[in-house]
Amino acid sequence: MKKHSLSKKLFSQAKKVIPGGVNSPVRAFRAVGGNPLFIEKAKGSRIFDVDGNSYIDYVLSWGPMILGHAHPRVVAALKKATEKGTSYGAPTSLEIELAELVLKVYPAMDKVRMVNSGTEATMSAIRVARGFTGRDKVVKFEGCYHGHADGLLVKAGSGATTFGVPDSPGVPKSYAQNTITLPYNDIPALTRMVEKEWRKIACVIIEPVVGNIGCVLPKPGFLEALRKLTRKHGIVLIFDEVMTGFRVSFGGAQAYYGIKPDMTCLGKVIGGGLPVGAYGGKKEIMSMVSPEGPVYQAGTLSGNPLAMTAGIETIKELLRPGLYAAMEKRSAMLEEGLKDAAKRAGAKTRFYRAGSMFCTYFTDTDVRDYGTAKKADTGKFSRFFTGMLERGINLAPSQFEAGFMSLAHTEKDIDATVTAAYEAIKKI
Ligand SMILES: *Cc1c(COP(=O)(O)O)cnc(C)c1O
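Residues numbered from 1 in each chain as written. Predicted model: local features only at pLDDT ≥ 70, side-chain atom pairs only at ≥ 80, totals over all residues. Heavy atoms only, no water.

Asker: Looking at this structure, I do not really get the packing of helix α14 (residues 378–390) against helix α15 (residues 411–427). What am I missing?
Answerer: When two helices pack together, their arrangement is given by the angle between the helix axes and by the axis-to-axis distance. As a packed pair, α14 and α15 sit with axes 9 Å apart at the nearest point and diverge in direction by 135°. In terms of their interaxial angle, α14 and α15 are classed as oblique. Taken as a pair, α14 and α15 cross one another with a handedness that is right-handed. Within the contact between the two elements, α14 uses F384, G387 and M388 and α15 uses T417, A420, A421, A424 and I425. (Axes fitted to C-alpha atoms, helices over the stretch in contact; angles between N-to-C directions. Helix = DSSP H or I, 4+ residues; strand = E, 2+ residues; numbered from the N terminus. Parallel < 35°, antiparallel > 145°, perpendicular 65-115°, else oblique. Left-handed = near helix turned anticlockwise from the far one by under 90°. Contact = heavy atoms within 4.5 Å.)

Asker: So what exactly am I meant to see when it comes to the nonpolar core here?
Answerer: General note: in soluble globular proteins, nonpolar side chains tend to be found buried as a group. F141, Y184, L190, I206, M357 and Y361 are the most contacted members of the largest nonpolar core, which has 41 residues in total. Per element, the largest residue contribution to this core is four residues, and it comes from helix α8 (residues 222–232). Here this core spans two domains, since at least three of its residues come from each of domain 1 (5–70 + 321–427) and domain 2 (72–318). For M357, the residues in contact, after removing those within four places along its chain, are V209, G211, C215, M243, T244, R247, V248, Y352, A402, G403 and F404. Membership of the second largest hydrophobic core comes to 32 residues, among which are L78, L101, M109 and M308. (Core = buried A, V, L, I, M, F, W, Y, C linked by side-chain atoms within 4.5 Å. Buried < 20%, exposed > 50% of the residue type's maximum accessible area, 1.4 Å probe, protein only. Domains from an automatic or database assignment.)

Asker: Which parts of the structure should I look at to understand the side chain of Q254?
Answerer: Looking at the secondary structure, you find Q254 in helix α9 (residues 252–257). Its relative accessible area of 7% is what places Q254 among the buried residues. Ignoring any residue separated from it by four or fewer positions in sequence, one finds Q254 in contact with Y106, A108, F239, E241, I259, P261 and T264.

Asker: I would appreciate a short explanation of the site of the ligand in the present structure.
Answerer: Near the ligand the following residues occur: S117, G118, T119, Y145, H146, G147, E207, N212, D240, V242, M243 and K268. One of the side-chain N or O atoms of K268 is found 2.6 Å from an oxygen atom in the ligand. Its residues assigned to classes, the shell around the ligand shows three nonpolar, six polar and three charged. (Near = heavy atom within 4 Å. Polar contact = N/O pair within 3.5 Å; in protein donor to acceptor, adjacent residues only side chain to side chain. Nonpolar A, V, L, I, M, F, W, Y, C, P; charged D, E, K, R; others polar.)

Asker: It is not clear to me how the packing of aromatic side chains should be interpreted in this structure. Could you clarify?
Answerer: Think of a pair of aromatic rings as described by two things: how far the centres are apart, and how the planes are tilted against each other in angle. Taken as a whole and assessed by the stated rule, the structure comprises 15 aromatic pairs. Between F29 and F385 the ring centres are 5.1 Å apart and the planes differ by 85°, which places this aromatic pair in the edge-to-face class. Within this pair, whereas F29 is found in the loop between α1 (5–17) and β1 (39–43), its partner F385 is found in helix α14, the two being separated by 356 residues in sequence. Relative to F358, the ring of Y58 lies with its centre 6.0 Å away and its plane at 80°, an arrangement referred to as edge-to-face. With Y58 in the loop between β3 (54–57) and α2 (72–83) and F358 in strand β12 (residues 357–361), this residue pair connects regions lying 300 residues apart in the sequence. (Phe/Tyr/Trp six-rings, centres within 6.5 Å; stacked < 30°, edge-to-face > 60°.)

Asker: How should I be thinking about the sheet that holds strand β7 (residues 201–206) in this particular structure?
Answerer: Picture the strands of a sheet paired through backbone hydrogen bonds; they go either parallel or antiparallel. The strand order across the open sheet formed by seven strands is β4-β10-β9-β8-β7-β5-β6, and the pairing between neighbours is mixed. Edge positions in the sheet fall to β4 (111–115) and β6 (179–182), since each has one partner strand and no second. Along the sheet, successive strands turn relative to each other by an average axial angle of 20°, direction set aside. Inspection of the sheet shows β4 paired to strand β10 (residues 277–281) by five bridges, in the antiparallel sense. (Pairing = 2+ DSSP bridges.)

Asker: Just to check I follow, could you spell out the domain arrangement of the protein for this structure?
Answerer: For interface size, the figure often reported is the accessible area lost on association. Partitioning the protein into domains gives domain 1 (5–70 + 321–427) and domain 2 (72–318). One C-alpha centre belongs to domain 1, the other to domain 2; they are set 25 Å apart. Listed as interface residues are 38 residues of domain 1 and, on the opposing side, 36 residues of domain 2. Contact between domain 1 and domain 2 buries roughly 3,000 Å² in total, counting both sides, with carbon and sulfur atoms accounting for 67%. (Buried area = accessible area lost by both parts, 1.4 Å probe.)

Asker: Sorry, what's going on with the pairing of β6 here?
Answerer: Every other side chain in a regular strand lies on the same face of the sheet, so the side chains alternate between the two faces. Burial along β6 is two-sided: the residues T179 and T181 and I180 and L182 are all buried. Two elements, strand β5 (residues 137–141) and β6, share four bridges in a ladder whose sense is parallel. Of the residues in β6, the one forming a bridge with K140 is T181.

Asker: When you look at the packing of helix α12 (residues 323–344) against α15 in this model, what are you seeing that I'm missing?
Answerer: Direction vectors running N to C along α12 and α15 enclose 20°, while the axes themselves pass 9 Å from each other. Regarding the angle of α12 to α15, the classification is roughly parallel. Like other packed secondary-structure pairs, α12 and α15 cross with a definite hand, here right-handed. Residues K329, R330, M333, L334, G337, L338, A341, A342 and R344 of α12 lie in contact with α15, whose contacting residues are E411, I414, D415, T417, V418, A421, Y422, I425 and K426. Its residues placed into classes, the contact of α12 with α15 shows ten nonpolar, two polar and six charged.

Asker: What am I meant to see in the sheet that holds β12 here?
Answerer: A sheet is described by the order of its strands in space; here three strands give the open sequence β11-β12-β14, paired in antiparallel fashion. Each edge of the open sheet is held by one strand with a lone partner, namely β11 (350–354) and β14 (403–404). The pairing of β11 with β12 spans five bridges and is antiparallel. Along β12, the bridge assignment pairs A354 with M357. On top of the sheet, α12 reaches β11 and β12; it is set at about 175° to β11, its chief contact.

Asker: What am I meant to see in the environment of M114 here?
Answerer: Tracing the sequence through the fold places M114 in strand β4. Since its relative accessible area comes to 8%, M114 is described here as buried. Linking M114 and L266, residues 152 residues apart in sequence, is a C-alpha distance of 9.2 Å. Apart from the residues lying within four places of it in its own chain, the contact partners of M114 are L98, A99, V276, G277, A278, S302, G303 and M308.

As structure tokens, this is what we get:
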């Protein structure tokens, strides 16, 4: 058995000063039992805990570390940037450089505003969409997570689903009333609602691949129908690509599925491991944003030089030819290996993947929305999770989270993961 005594000790200490001992709820191991690991360092595909254990990491800080941990290029640039001061509260050329890089890869956006988290990005995008349309209502889909802003914690995924509070206390009814939720992948329900209510609907926000209840793919025609309906009725279509951006493909889900949203939210990968979010869209929409327009949105540390540097270096590295093809190849290898391991071990599972994000559900029902995702056996997942951790594989501590590959994961890592998965599933 792996030793976790130092992690355990730190967790008791943390719980005295931090709610639940963690600064983000999904980090706690509540859904799977046991104590969270306290981390000492990470490098490449590996993460090391304070007790000296090492793990192949498929959490990757919940998505951002697509180059692998502590990538030399990012680390070197950050060291240099730090020497020049860490924040000025005044414009720098770094902000232009990252904006230009992002706009080149996401041509649906004419302009982009940097913020400090994915939550800020979605919250601000919705404000802008409301200002632009003069309408109040927001449509979201069950199980999609768009950060923790009030009006979006309605039937939300991620930790909200893991802990059974998709509708959070503390959100006034008056806020939640402006949020309409619909089942994902249900074109008739979407059409009925939009045709009836469109005069009040400012925007539809969606995770084009739902990573916050595992990995749910849009069925053929769903995103197309959504694009058609929203265009017809002047509703702003917001793709929340905080997770899928630079992840399911270089150009995100919008390139992968060939759909052009009106606004896009980014985060995670574009910060290269530092706190960053971004939202952007068509010129006429983004010209609503202060100081160009009347919709207020601001940030003391927004666009700060360290975050911009990590983002720029990450995207520039990703621009090198062949990297996504290599990652796709290894992701497919992991997919084949994990499917085969489950089959050999005699478990009923469903596996889904888009680019380098994936999920294994312990279920024998196809997963296509929140309801079918919730049918997965979380007890079995917990035993799988614990078995994997014991064998040196770090997965997200919930059935309702995606796993991520990085460019640093090798074929050897994948082989070790598949072997561990077979043994862990066999023991369930
Ligand atoms: C992670 C995530 C967010 C929230 O980003 P934070 O940086 O955690 O605030 C929003 N939307 C999606 C799709 C995400 O995966």
